[in-house]
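An overview of the molecular structure
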Amino acid sequence: QVQLVESGGGLVQAGGSLRLSCAASGRTSSIVKMGWFRQAPGKEREFVAAIMWGGGNTRYADSVKGRFTISRDTAKNTGWLHMNSLALEDTATYYCVASRSPWSAMAVVTAYDYWGQGTQVTVSS
């Protein structure tokens, strides 16, 4: 089992920045990829970004490309989501996820085996 704990959420004005962290513990050697999803009230959970734990290849949702950057430090078992130029529509609960599978797609909810409890990001005007 892998446990994921997010931190770094909060209230920020539009145009501002935040950095989310995801600390992994437990059987971290099984992690193949790590990612972030988000869910706004009344909306479905959506993919934000993902990174291959070993090679570092990344993928982003079109809505965040150029504004968000995902990174990880495998020695620290930690991943981050750097969010710049935040907009009102980025308001959501952000979830860190991790997968044991090298074969599943990076942007699919069902590809991930482990989920954090979520951290709230609120962007104000």
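In case you missed it, the structure is sitting above this.
Reading the values: the criteria
Residues numbered from 1 in each chain as written. Predicted model: local features only at pLDDT ≥ 70, side-chain atom pairs only at ≥ 80, totals over all residues. Heavy atoms only, no water. Phe/Tyr/Trp six-rings, centres within 6.5 Å; stacked < 30°, edge-to-face > 60°. Helix = DSSP H or I, 4+ residues; strand = E, 2+ residues; numbered from the N terminus. Buried < 20%, exposed > 50% of the residue type's maximum accessible area, 1.4 Å probe, protein only. Disulfide = S-S within 2.5 Å. Polar contact = N/O pair within 3.5 Å; in protein donor to acceptor, adjacent residues only side chain to side chain. Contact = heavy atoms within 4.5 Å. Core = buried A, V, L, I, M, F, W, Y, C linked by side-chain atoms within 4.5 Å.

So, on to the packing of aromatic side chains. Per the counting criterion, the structure on display carries 4 aromatic pairs. Ring centres of Phe-37 and Tyr-112 lie 5.6 Å apart, and the angle between their planes is 75°; this geometry places the pair in the edge-to-face category. One end of the pair, Phe-37, is in strand β4 (residues 33–39); the other, Tyr-112, is in the loop between β9 (92–99) and β10 (114–115), with 75 residues separating them in the sequence. Phe-37 sits in the buried class, given a relative accessible area of 1%. Aromatic side chains Tyr-95 and Trp-115 sit 6.1 Å apart centroid to centroid with 65° between the ring planes, which places their arrangement in the edge-to-face category.

Attention now moves to the state of the cysteines. Inspection of every chain in the model, using the stated rule, returns 1 disulfide. Each sulfur in the disulfide pair Cys-22 and Cys-96 lies 2.0 Å from the other. Between Cys-22 and Cys-96 the disulfide shows an S-S torsion of about -80°. By sign, it is left-handed. Taken together, the positions of Cys-22 in strand β3 (residues 18–26) and Cys-96 in strand β9 put the pair 74 residues apart, joining distant regions of the chain.

A few words now on the side chain of Thr-28. Take Thr-28: it is sitting in the loop between β3 and β4. Looking at Thr-28, its side chain comes within polar contact range of the side chain of Asn-77, at 3.5 Å. When neighbours within four sequence positions are excluded, Thr-28 is seen to be in contact with Val-2, Trp-53 and Asn-77.

On to the side chain of Ser-30, then. Residue position: Ser-30 is located in the loop between β3 and β4. On the basis of relative accessibility, which here comes to 14%, the residue Ser-30 falls in the buried class.

Membership of the largest hydrophobic core comes to 39 residues, with the highest contact counts inside it found for Leu-4, Trp-36, Leu-81, Met-83 and Tyr-94. Counting residues per element, the ones that place at least two in this core are β1 (2–7), β3, β4, β5 (46–52), β7 (68–73), β8 (78–83), β9 and β11 (119–124). Examining the composition of this core, we find that 6 residues originate from one element, β5, more than from any other. Contacts of Met-83, omitting those with residues within four sequence positions, involve Gly-16, Ser-17, Leu-18, Leu-20, Arg-67, Phe-68, Tyr-94 and Val-121.

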